[in-house]
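Here's the letter readout for the chains.
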Amino acid sequence: MTVTTPRGFRASGTTAGLKASGKPDLALVVNDGPDRTAAAVFTTNRVVGHPVTWSRQAVSDGVANAIVLNSGGANVCTGPEGFLDTHRTAEAVADALGVSAADVLVASTGLIGERLPIEKLLAGIGPLVGALAGDGGPAAAQAIMTTDTVPKQAHTERAGWSVGGIAKGAGMLAPALATMLVVLTTDAVVDPATADAALRSATRLTFDRVDSDGAMSTSDTVVLMASGASGVTPTPDELAEAVTATCASLARALVADAEGASHDIAVSVVGADSEDAAVAVARAVTRSALVKTAIFGNDPNWGRILAQVGTVPVEVAPFEAEAVDVSVNGVMVCKAGGAHEPRDTVDLASDREVHILIDLHAGAASATVWTNDLTHDYVHENSAYST
């Protein structure tokens, strides 16, 4: 089940020679309609790739016929020539499909600061369009991978309509919409405003709560396209729920494939006075290198967790430090700000997933943020990324 499972979509992936490895590096997802509704969210980094600049404008009218994506180069900080490369890419796809370039979105991922081998990319457009197929989702998912070890795909079925998706991402996963490259599709009948609301609601609860390493990318893009091919018009809540379920599946796949990770860590904060407070506390813990290295060493070091909780300003998350409880994998190792159950009763070695529960005893709000441990492999992979 993938991005082409909803009716009205075709996709493809090919090798254009952008990667030295010779692996697939160019993908295309096309909306065959009858509707061409689209919505998107992008990184909030002030340094953005040219594809982000292009696609922000292209999707502003709520319409898109297609999105073309490449791995093997981010096209960020490449000057006016880099923007021209993005424009030429959209035009080449538009010409091949017989649509307007203004309705073709572009997304790129890879090394920052180097121009794409644009002639190779443009030469790959013809074969890419020729390979478009209703079962082409897996090929597209493969072509957008960089340091990913597995392609990431999802599908959510509802009565007479569905939502599908593909994603890439294994590092530089941090919030502020979005957190990687994602293409979502639905065959529901949806207007642009409803699609935009559903997408923003979904990303806030899923991709915005994946925080692998605190490093916000320059190229993050999440696109939702609706074909209307099912003829079914879900309510706004029904659409938001299905899009959220699909995004949640993809977000968990991103964490599970985080570079060099050996544990997936869910930090859940309950008893907060607001959802924003709960997120702030969870984020403080997930971004702690000390907490992440402790989990890598299978050490339920609750002192490091509690110390991070205390870094959140009182105006952001009011609570009493002496009231906080911390549980790790179901064992309450800290109660009322002090030691409780023996830490050696916590088993972190037998399961990849780790669940940290923090109860602030300050209200009724809650939130969960997912992260991963900090390993030797993560340091090695990212120290050698551009070489």
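Residues numbered from 1 in each chain as written. Predicted model: local features only at pLDDT ≥ 70, side-chain atom pairs only at ≥ 80, totals over all residues. Heavy atoms only, no water.

Draft legend 1. Representation of the nonpolar core in the model. Core analysis: the largest hydrophobic core is formed by 47 residues, its most contacted members being Leu28, Ile67, Val68, Leu69, Leu121, Val183 and Met225. Here this core gets 6 residues from one element, more than from any other, and that element is helix α3 (residues 118-130). Excluding anything up to four places from it in sequence, Leu121 contacts Ala16, Leu18, Leu26, Asn70, Thr89 and Leu116. In terms of nonpolar packing, the next biggest core, distinct from the first, is built from 35 residues, Val269, Ala284, Val328 and Ala367 among them. (Core = buried A, V, L, I, M, F, W, Y, C linked by side-chain atoms within 4.5 Å. Buried < 20%, exposed > 50% of the residue type's maximum accessible area, 1.4 Å probe, protein only. Helix = DSSP H or I, 4+ residues; strand = E, 2+ residues; numbered from the N terminus. Contact = heavy atoms within 4.5 Å.)

Draft legend 2. Just the packing of helix α5 (residues 192-205) against helix α6 (residues 236-256), in detail. Across the interface, α5 lies against α6 with an axial gap of 8 Å and an inter-helix angle of 45°. For the element pair α5 / α6, the angle class is oblique. The two elements α5 and α6 meet at a crossing, and its hand is right-handed. Facing α5, whose interface residues are Thr194, Ala195, Ala198, Leu199 and Ala202, α6 presents Pro236, Leu239, Ala240, Val243, Thr244 and Cys247. For the contact of α5 with α6, the residue count by class is 9 nonpolar, 2 polar and no charged. (Axes fitted to C-alpha atoms, helices over the stretch in contact; angles between N-to-C directions. Parallel < 35°, antiparallel > 145°, perpendicular 65-115°, else oblique. Left-handed = near helix turned anticlockwise from the far one by under 90°. Nonpolar A, V, L, I, M, F, W, Y, C, P; charged D, E, K, R; others polar.)

Draft legend 3. Main features of the pattern of salt bridges. Counted according to the given criterion, the structure contains 15 salt bridges. For Arg115, the salt bridge identified is with Asp85, shortest N-O distance 2.9 Å. Residue Arg115 is found in the loop between β5 (104-108) and α3, and its partner Asp85 is found in helix α2 (residues 79-97); the two are separated by 30 residues along the sequence. As a salt-bridge pair, Asp196 and Arg200 come within 3.1 Å of each other at their nearest N and O atoms. Here Asp196 and its partner Arg200 are both found in helix α5, 4 residues apart, which amounts to about one turn of the helix. The class for Asp196 is partly exposed, based on a relative accessible area of 27%. For Arg200, a relative accessible area of 40% corresponds to the partly exposed category. The structure contains a network of salt bridges with shared partners spanning Arg252, Asp264, Arg352 and Glu353. (Salt bridge = Lys/Arg side-chain N within 4 Å of Asp/Glu carboxyl O.)

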